[in-house]
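# Coordinates in review
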Amino acid sequence: MPFADVYFSLVPEILEKFPEHKNIRELSDDEQSRLEGITNGPARLSYYAAHILKRHALSKYAAVPPEEWKFATTRHGRPEITNKPHNKKIHFNISHCNTAVACIISDMPQCGIDLEDVRRKADLDAVAEEVFSTAELAHFRKMRSKKPSRDTLARHFFSIWCLKEAYMKALGMGFKINPKSFGFKLSGKSGISIEPTGKLKDKDLWQFYLSQPQNNFILATAIVLS
Ligand SMILES: CC(C)(COP(=O)(O)OP(=O)(O)OC[C@H]1O[C@@H](n2cnc3c(N)ncnc32)[C@H](O)[C@@H]1OP(=O)(O)O)[C@@H](O)C(=O)NCCC(=O)NCCS
């Protein structure tokens, strides 16, 4: 039975459980030097929190202590574990916004996650023009014309955005895939369908999931059951 577990945490919760002065050595040299390079305070803390969460979550699936996990990135930038025990199928993906972090762990190699704070300041119209497919944009504009509250529009916008990113991250490509080249349709409470794209073989094997782990956050995951 395949599994895909999702971990979500507010940054302060991680900092309280794993204070930086105590746990920073659990990060690799590479992670620590990336951390040092982040000058924006909230972004720095969320980077720390995401990588600590990832390490502690992974250690629930194999007898490897959090500080011993090793990673390398593919040529498209996707981090993968390089020292997992031979009998374990474990893959992961992380997402961090300034106030919260999330991680998916699965035995399916193609798994992706994205997390966004709906309060994030962004020019929703301009970004929609840049990243939404023709059908997504038409739907967004139709919704916009009914003059919904900013919150309602942002929740719709970030739901589509998160699904798109989770999908692009599950494929390990990130924005190397043109985000306008495929689109999602949300129907009802749980119905999520994706418009086929050139990249989307095995459409029926994809599973998408959209949730609000807390009031201001939208989280999406994408996995391929293989
Ligand atoms: C991957 C990407 C979509 C993430 O977007 P984001 O919303 O800013 O960030 P998120 O917090 O959701 O996710 C970031 C995490 O995704 C993971 N990630 C990075 N590249 C990834 C990829 N190609 N596929 C899957 N996951 C990826 C990393 O773990 C990263 O966290 P880290 O930088 O702290 O290690 C975006 O950064 C992207 O497309 N980057 C371009 C990849 C690229 O061109 N890399 C150049 C390599 S030559």
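Structure: see above.
## Some words on the overall build of the protein chain
Secondary structure summary: the protein chain contains 7 helices and 10 strands in total. Relative to its length of 226 residues, the protein chain is compact, with a C-alpha radius of gyration of 18 Å against a globular reference of 17 Å. C-alpha extents for the protein chain along the principal axes are approximately 50 × 40 × 30 Å. By residue count, 32% of the 226 residues in the protein chain fall in the buried class. For the protein chain, restricting intrachain contacts to residue pairs at least 6 apart in sequence, the fraction spanning at least 24 positions comes to 59%.

## Looking at unusual backbone geometry
The phi angle at K147 is positive, at roughly 50°, despite the residue not being glycine. Mapped onto the elements, K147 comes out in the loop between α6 (134–145) and α7 (150–170). Accessibility expressed as a C-beta count within 10 Å gives 8 for K147, which makes it exposed.

## Comments concerning the site of the ligand
Near the ligand you find 20 residues, and of these G77, R78, S95, G174 and F175 are the closest. Elements that contribute at least two residues to the shell around the ligand include exactly α4 (41–58), β4 (91–96), β6 (111–117) and α7. No other element matches the 4 residues that β4 contributes to the shell around the ligand. The residue inventory of the shell around the ligand, partitioned by class, reads 7 nonpolar, 8 polar and 5 charged. Both domains that furnish three or more residues to the shell around the ligand are identified here as domain 1 (4–107) and domain 2 (115–224).

## Thoughts on the sheet that holds strand β9 (residues 206–211)
The pairing of strands in a sheet comes from backbone hydrogen bonds and takes either a parallel or an antiparallel form. Read from one edge to the other, the open sheet built from 3 strands follows the order β6-β10-β9, with strand pairing classed as antiparallel. Looking at the sheet topology across the chains shown, the edges are occupied by β6 and β9. Pairs of neighbouring strands in the sheet enclose a mean axial angle of 10°, with direction left out of account. In this structure, β9 lies alongside strand β10 (residues 217–224), joined through 6 bridges in antiparallel fashion. The partner of Y209 across the bridge, within β10, is T221. Running over the sheet, α7 touches β6, β9 and β10 and is turned about 150° from β6.

## Focus on the nonpolar core
Counting residues in each nonpolar core, the largest one holds 46 residues, and the members touching the most others are A49, V101 and C103. Put simply, the parts of the chain that give this core at least two residues each are α1 (11–17), α4, β4, β5 (100–106), β6, α7 and β10. The biggest single contributor to this core is α7, with 11 residues. Two domains each provide a minimum of three residues to this core, namely domain 1 (4–107) and domain 2 (115–224). The residues touching C103, leaving out its near neighbours within four places in the chain, are Y7, L53, K54, A57, F92, I94 and I113.

Rules behind the numbers
- Residues numbered from 1 in each chain as written.
- Predicted model: local features only at pLDDT ≥ 70, side-chain atom pairs only at ≥ 80, totals over all residues.
- Helix = DSSP H or I, 4+ residues; strand = E, 2+ residues; numbered from the N terminus.
- Rg over C-alpha atoms; globule rule 2.2 N^0.38 Å.
- Buried ≥ 20, exposed ≤ 12 C-beta atoms within 10 Å, placed from the backbone.
- Contact = placed C-beta atoms within 7 Å.
- Near = placed C-beta within 6 Å.
- Nonpolar A, V, L, I, M, F, W, Y, C, P; charged D, E, K, R; others polar.
- Domains from an automatic or database assignment.
- Pairing = 2+ DSSP bridges.
- Axes fitted to C-alpha atoms, helices over the stretch in contact; angles between N-to-C directions.
- Core = buried A, V, L, I, M, F, W, Y, C linked by C-beta atoms within 7 Å.

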